[in-house]
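# Per-entry structural report
Spelled out from the first residue to the last, the chains are:
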Amino acid sequence: MVDLGSLIWHASMSMLTTAAPVCEPAGTIQPSMFNPAGAPAATILGITWLLFVITGAIAIVVLSLIAYAAIRCRRKDGDDLEPAQVYGSNPIELAWTVIPLLIVFLLFMISARGIFDLERTTPPEGSLEVSVTGHRWWWEFDYGDLGIVTAGELHVPIDDGKPADLFLTLHSADVAHSFWVPQLGGKMDVIPDRINHLWLQANAPATYVGQCAEYCGTQHAKMLIRVVVEPRADFEAWVANQQKDAVAADAAVKEGHDLFLRTSCINCHTVRGTVANGSFAPDLTHIMSRDTIGSGAAPNNPKTLRQWVFDPQNIKPGCDMPSMKLSRHEVDLVCAYLETLK
Amino acid sequence: MRLLGDPQVSTLQKPNGPAPLDGPVPFLSKLHEWVATTDHKKLGMMYVTCGIVYLIIAGLEASMMRWQLAWPGQTILSPEEFNRLFTMHGTTMVFFVGMPVLFGTANFLIPLMIGARDLAFPRLNAFGFWLFLFGSFLLYFSYFGGQGLYGMGSAPDVGWFAYAPLTERTFSRGHSTDYWILGIFVASIGSTLTAINLIATMLGMRCKGMTLMKMPLLAWMMLVDCFLVVVALPPLAAAQIMLIFDRLLGAHFFDAQAGGSALLWQNMFWFFGHPEVYILILPGFAFVSEIIPVFSRKVIFGYPLMVAASVAIGFISLGVWAHHMFAVGLSPMLNAIFMGSTMLVGVPTGIKMFNWSATMIGGKIRFDTPMLFSTGFLCQFLLAGLTGIWLATVPFDWAVSDSYFVVGHFHYVLFGGLLFAIFAAIFYWFPKATGRMLNETLGKWQFWILIVGFNLTFGPMHVSGMLGMPRRIYTYEADRGWELWNLLSSIGVVVQIVGFALFALNLLHSSFKGRRAGDDPWDAWTLEWSTTSPPPAYNFAEEPVVYSRRPLWDIKHPEDPDWKYE
Ligand code: HEM
Ligand SMILES: [Cu+2]
Ligand SMILES: [Cu+2]
């Protein structure tokens, strides 16, 4: 029954929703809960269909009662006699007290199982463990033992024929946020005086998108998340690259390198291997390995990078990086250097 | 109409109409009369009028949000402006539309329906109204006075539930959040006082013969409502005092960086916030419980069970607040417990749905405008209740909490439910309050246009939420599959605006030119219809005596009175 419901609903949903052109790199999928990519999201969708069927049936019953009354029990013109006054009926009223109680009980038992299945405080075996910190308005990902700290994009390895498990430990550096990638599972709030955990799962390589779901101030709308699930070999290459310090600046970008280190960029940003070791803002050691900048506010290309460094307030108004008041020329120099940080 | 001598029939006497006036009343004395009044009817009408004005203001705020969201990537509003709009819209709708309509209608109707001459404490009542009004001014003054530090915001932009620590001084500079705190704090003192006043009135001032179980259902539901106000609003006031200590005196209750607790605010707020939802919807239940029987020409089906269900809702709704916190990482056991209590609240609510439907079945229904809106309420509130069960189901909530699905759900409650019931009530009692009918043709057009506009606006929000769109975002990207749904929502607003315009037109026109109503235009059964329209000061010439829940039915049908069956 659940599958049939899923089939019908899904067909009509996908007809209506895939009309939008997908202009992301191949493999990026829209963040719909109807497209689960792992066990947690699939469990949730299963429960959703169950709810849909049960409450749908209730809706049909009650709406028919109302429709029946509205159509068949109208006053006819000139009929001034009052109808029979019915004050109530104990058996009938008992029935519609007890039957809903039973339905609620049933629903409760099924969903309670779902809660205990999905809410985990210990990582499933073989999962990638990442510590996530929510900042206004970007995400920091710390891969612990791997010695990697990145921002905005989370990389996850997947082996052939096995779903990839991801176990997140959530912290907040300031206010409450919420980590939400609909296709990989439910959401979990990220709260400053509390450490939360979230288990997610992906069963196919792709880029999954999501975003912050708890209002956290001005740029809450552009606190996006990308989870890149890739074959283990690709992941390992990515890890090896991320673990390296930033390349030494060659002569061509020496000027930009010096300018960058002279500017207060380094108070906020880190570039490993240089004196820049600020921890307020995203780590820029391998900034060019990211698809987007500003936690998804803009694609990462030479043009947007220059716009960003010139004045981030144009791309992400209200964000916590001020315009550094560099001239166009200086921006070019700095960005030429940033572009070597692959 | 008066049947003396027969003790088993309600004795009711019509008071004389208002004293004839000599010549026109000068504007100033008229103004003085309204400002200085302690009359429950005048205060009631002032509450409702203010509620309607704020409804229009908050509706315009919402329309601006929908304009921005009609297409992806628009920049009509800056992020700060958008964030202020949803905060002001939500805060206004809850505290300055829902609450004044609750207290306005209760003020106007309760004494009339229980045969009393006024509320128990008329001056306290006036005090409550003015606290509410000045509280609302305080909130809106933030647009001018919230500046504080240069560039640090005007109106508050922390959302209507103002989660800590976003509201702490570090993150919310200037004074906008202080205005939010004080405006609501002042208004909520007024609300608490008025609720106590109404409870005293209903418990102590019912006319002869009206035992608690003979009170009209409206009074019962308002009684439960007022108890909820008294229990739920003080915790909010306490939380707000703690917050303003944090902000102005450097305390650290909610300041997570300094050892305070962010979750403490969430618990305190929702301990108020969930009952508040029921505080808002119970008056809706109350209105339709009076209107449906009259227009179906049948007594309400299962009165005792309706009373029991209302009381049950009152109790259960005090124990479900953590369903707003399913995603904060409570233990599975706690989540399950609150899931259970939340689902349980669906049972008494379901009972009401069934009883209302059963009242209609077998009746001879007249679809005048109040009945149309009540039927709209039934259908739309049914859907809201069912998506409420979805949200109570924790795993599903993890998928959609804080998404547009939730926005869709609670607008089906508050707009499709409460606001439709409010329209029903206005069309039903406007004749009593003013002596004139609202225009039925305009009313019917308004109903059908709003049905279309409302469902077009808020139906698609369920879909965009399930497709991953969070709430409170000022813009979104084009590639997420949300465009169609957002565009439909925004088109719905355009349709709604037509409906609201018709309503405003109808109100203005009918207040002056509407058809004369007479005392009992709907052929109804409760005491307010036994006095003149509008009722005179102190309502009744002599204290009515009742023998059943429908005193006017007894008079109209002496051969078959209610008290034989109750
Ligand atoms: C007049 C038509 C209305 C429209 C077009 C409308 C539209 C909206 C929209 C688009 C939002 C979401 C803002 C966001 O999350 O970004 C919203 C939030 C809200 N609305 Fe409405 N709404 C309307 C009527 C109402 C009514 C009648 C009520 C209650 C009586 C209400 C109560 C709320 C509340 C409490 C919020 C939450 C605010 C927050 O997130 O802090 N709205 N509305
Ligand atoms: Cu956020
Ligand atoms: Cu609630």
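## Description of the environment of Asn196(A)
With respect to the helices and strands, Asn196(A) occurs in strand 9 (residues 196-202). Of the residues examined, Asn196(A) reaches a relative accessible area of 3% and is grouped as buried. Through-space distance from the C-alpha of Asn196(A) to that of Arg120(A) is 9.8 Å; in sequence the pair is 76 residues apart. Discounting residues that sit within four places of it in the chain, Asn196(A) has contacts with Leu168(A), Thr169(A), Leu170(A), Met188(A), Asp189(A), Ile191(A), Val328(B) and Gly329(B). Among the polar contacts made by the side chain of Asn196(A), one reaches the main-chain carbonyl oxygen of Asp189(A) at a distance of 2.9 Å. Separated by 3.3 Å, the side chains of Asn196(A) and Arg194(A) make a polar contact.

## Comments concerning the coordination of the iron atom of ligand 1
Residue and element names in this part refer to chain B. Protein coordination at the iron atom of ligand 1 comes from His-89 (NE2) and His-411 (NE2), with a distance range of 2.0 Å. What the six donor atoms of the iron atom of ligand 1 show is an angle range of 87 to 179° at the metal, which sorts the shape as octahedral. You can see His-89 sitting in helix 3 (residues 79-114) and its partner His-411 sitting in helix 12 (residues 404-434), a full 322 residues away along the chain. For His-89, a relative accessible area of 11% corresponds to the buried category.

## A look at the site of ligand 1
Residues and elements named next belong to chain B. Of all residues adjacent to ligand 1, which total 23 residues, the nearest are His-89, Trp-160, His-411, Arg-471 and Arg-472. For ligand 1, an oxygen atom lies 2.8 Å from a polar atom in the backbone of Trp-160. Contacts to ligand 1 include His-411, whose side-chain N or O atom sits 2.8 Å from a nitrogen atom. Looking at the shell around ligand 1, the elements that each hand over two or more residues are helix 2 (40-69), helix 3, helix 12 and helix 14 (483-513). Looking at side-chain class alone, the shell around ligand 1 contains 14 nonpolar, six polar and three charged residues.

## Quick notes on helix 7 (residues 262-296) of chain B
All names here are of chain B. Over its 35 residues, helix 7 extends 51 Å from the first C-alpha to the last, a length consistent with the 51 Å expected when each residue adds 1.5 Å. Of all the bends in helix 7, the largest measures some 30° and sits at Trp-270. Most of helix 7 is tucked away, with 31 of its 35 residues classed as buried. The N-cap of helix 7, judged by a side-chain oxygen 3.3 Å from the amide nitrogen of Leu-263 a few residues on, is Ser-261. One or two steps after helix 7, the chain reaches Arg-297, where phi turns positive at roughly 60°.

## Regarding the interface of chain B and chain A
On the chain A side, the residues contacting the 100 residues of chain B number 89 residues. Summing both partners gives a buried area of about 8,100 Å² for chain B against chain A, and 70% of it is carried by carbon and sulfur. Contact with chain A buries area across many residues of chain B, yet Phe354(B), Lys364(B) and Trp398(B) alone supply 9% of it, more than any other trio. At the boundary of chain B with chain A, the tally comes to two salt bridges. Our count for the contact surface shared by chain B and chain A stands at 29 residue pairs in polar contact (both at pLDDT 80 or more). Per-element tally for the side of chain B that touches chain A: the top contributor is helix 9 (residues 332-360) of chain B, with 16 residues.

## A short note on the pairing of strand 10 (residues 206-211) of chain A
Residue and element names in this part refer to chain A. Burial analysis of strand 10 places six of its six residues in the buried class, which makes it a mostly covered element. Taking every second residue as pointing to the same face, both faces of strand 10 are buried, with Ala-206, Tyr-208 and Gly-210 on one and Thr-207, Val-209 and Gln-211 on the other. The sheet contact formed by strand 10 and strand 11 (residues 224-231) spans six bridges and is antiparallel. The residue of strand 11 that forms the bridge with Tyr-208 is Val-227.

## A short note on the nonpolar core
The biggest cluster of nonpolar side chains holds 256 residues, and the ones touching the most others in it are Leu154(A), Leu168(A), Phe179(A), Val227(A), Trp265(B), Trp356(B) and Phe377(B). If sequence neighbours within four positions are ignored, Leu154(A) has contacts with Val130(A), Phe141(A), Tyr143(A), Leu166(A), Leu168(A), Phe179(A), Arg226(A), Val227(A) and Val228(A). Core analysis: the next-biggest nonpolar cluster, separate from the first, contains 27 residues, Ile266(A), Ala276(A), Ile287(A) and Tyr337(A) among them.

## Brief notes about the environment of Val309(A)
Residue and element names in this part refer to chain A. Secondary-structure assignment places Val-309 in helix 7 (residues 302-310). Overall, the relative accessible area of 9% leaves Val-309 in the buried class. Taking the C-alpha atoms as reference, Val-309 lies 38 Å from Gly-38; in sequence the two are 271 residues apart. Other than its neighbours up to four places away in sequence, Val-309 contacts Leu-326, Val-331, Val-334, Cys-335 and Leu-338.

## Things to note about the coordination of the copper ion (ligand 3)
All names here are of chain B. Taken together, the protein donors to the copper ion (ligand 3) comprise His-274 (ND1), His-323 (NE2) and His-324 (NE2), at separations of 1.6 to 2.0 Å. Sequence positions of the residues that donate to the copper ion (ligand 3) give the spacing H-x48-H-H. Here His-274 is found in helix 7, whereas its partner His-324 is found in the loop between helix 8 (303-316) and helix 9, with 50 residues between them in sequence. Residue classification places His-324 among the partly exposed residues on the basis of a relative accessible area of 30%.

## Quick look at the side chain of Thr37(B)
Residue and element names in this part refer to chain B. Of note, Thr-37 is situated in the loop between helix 1 (27-35) and helix 2. Of note is the side chain of Thr-37, whose polar atom sits 2.9 Å from the backbone nitrogen of Asp-39. Filtering out sequence-adjacent residues up to four positions away, Thr-37 remains in contact with Lys-42, Leu-43, Met-46 and Ala-126.

## Quick look at the packing of aromatic side chains
Residue and element names in this part refer to chain B. According to the stated counting rule, one finds 72 aromatic pairs over all chains in the structure shown. Both rings, one in Tyr-47 and one in Phe-129, keep their centres 5.0 Å apart while their planes meet at 90°; by these two values the pair is edge-to-face. A residue pair is termed long-range when its members are at least 10 positions apart, and Tyr-47 in helix 2 and Phe-129 in helix 4 (residues 122-145) qualify at 82 residues. Accessibility expressed as a relative area gives 1% for Phe-129, which makes it buried. For the ring pair Phe-269 and Trp-270, a centre distance of 5.1 Å and an interplane angle of 85° mean the geometry is edge-to-face. Here Trp-270 falls in the buried class, since its relative accessible area comes to 4%. Through pairs of rings, three or more aromatic residues link up here, namely Phe-373, Tyr-412, Phe-415, Phe-420, Phe-423, Phe-427, Phe-447, Trp-448, Phe-454, Phe-458, Phe-500 and Phe-503. For the cation-ring pair, Arg-550 lies above Trp-553, with the distance from its terminal atom to the ring centre recorded as 4.2 Å.

## Structural notes on the domain arrangement of chain A
Residues and elements named next belong to chain A. Taken domain by domain, chain A consists of domain 1 (1-69 + 88-235) and domain 2 (251-338). Domain 1 and domain 2 are separated by 33 Å when their C-alpha centres are compared. Overall, the association of domain 1 and domain 2 removes approximately 1,400 Å² of surface from exposure, summing both partners, and the carbon and sulfur fraction of that is 48%. The largest contributions to the domain 1 side of the interface with domain 2 come from Trp-138, Glu-153 and Lys-222, which together make up 34% of the buried area. Our count for the contact surface shared by domain 1 and domain 2 stands at one salt bridge. Between Asp-291 and Arg-226 there is a salt bridge, and its shortest N-O distance comes to 3.7 Å. Remark: the boundary between domain 1 and domain 2 carries six residue pairs in polar contact (both at pLDDT 80 or more). Elements that contribute at least two residues to the side of domain 1 that touches domain 2 include exactly strand 3 (138-142), strand 4 (149-151) and strand 11.

Cut-offs applied
Residues numbered from 1 in each chain as written. Chains lettered and ligands numbered in written order. Predicted model: local features only at pLDDT ≥ 70, side-chain atom pairs only at ≥ 80, totals over all residues. Heavy atoms only, no water. Helix = DSSP H or I, 4+ residues; strand = E, 2+ residues; numbered from the N terminus. Buried < 20%, exposed > 50% of the residue type's maximum accessible area, 1.4 Å probe, protein only. Contact = heavy atoms within 4.5 Å. Polar contact = N/O pair within 3.5 Å; in protein donor to acceptor, adjacent residues only side chain to side chain. Donors = N, O, S within 2.8 Å, 3.2 Å for Na, K, Ca; no water. Tetrahedral: all angles 85-135°; square planar, octahedral: opposite > 155°, others 65-115°. Near = heavy atom within 4 Å. Nonpolar A, V, L, I, M, F, W, Y, C, P; charged D, E, K, R; others polar. Expected span 1.5 Å × (residues − 1). Bend = angle between axes of the 7 residues up to and from the residue. Buried area = accessible area lost by both parts, 1.4 Å probe. Salt bridge = Lys/Arg side-chain N within 4 Å of Asp/Glu carboxyl O. Pairing = 2+ DSSP bridges. Core = buried A, V, L, I, M, F, W, Y, C linked by side-chain atoms within 4.5 Å. Phe/Tyr/Trp six-rings, centres within 6.5 Å; stacked < 30°, edge-to-face > 60°. Lys NZ or Arg CZ within 6 Å of the ring centre and 35° of its normal. Domains from an automatic or database assignment.

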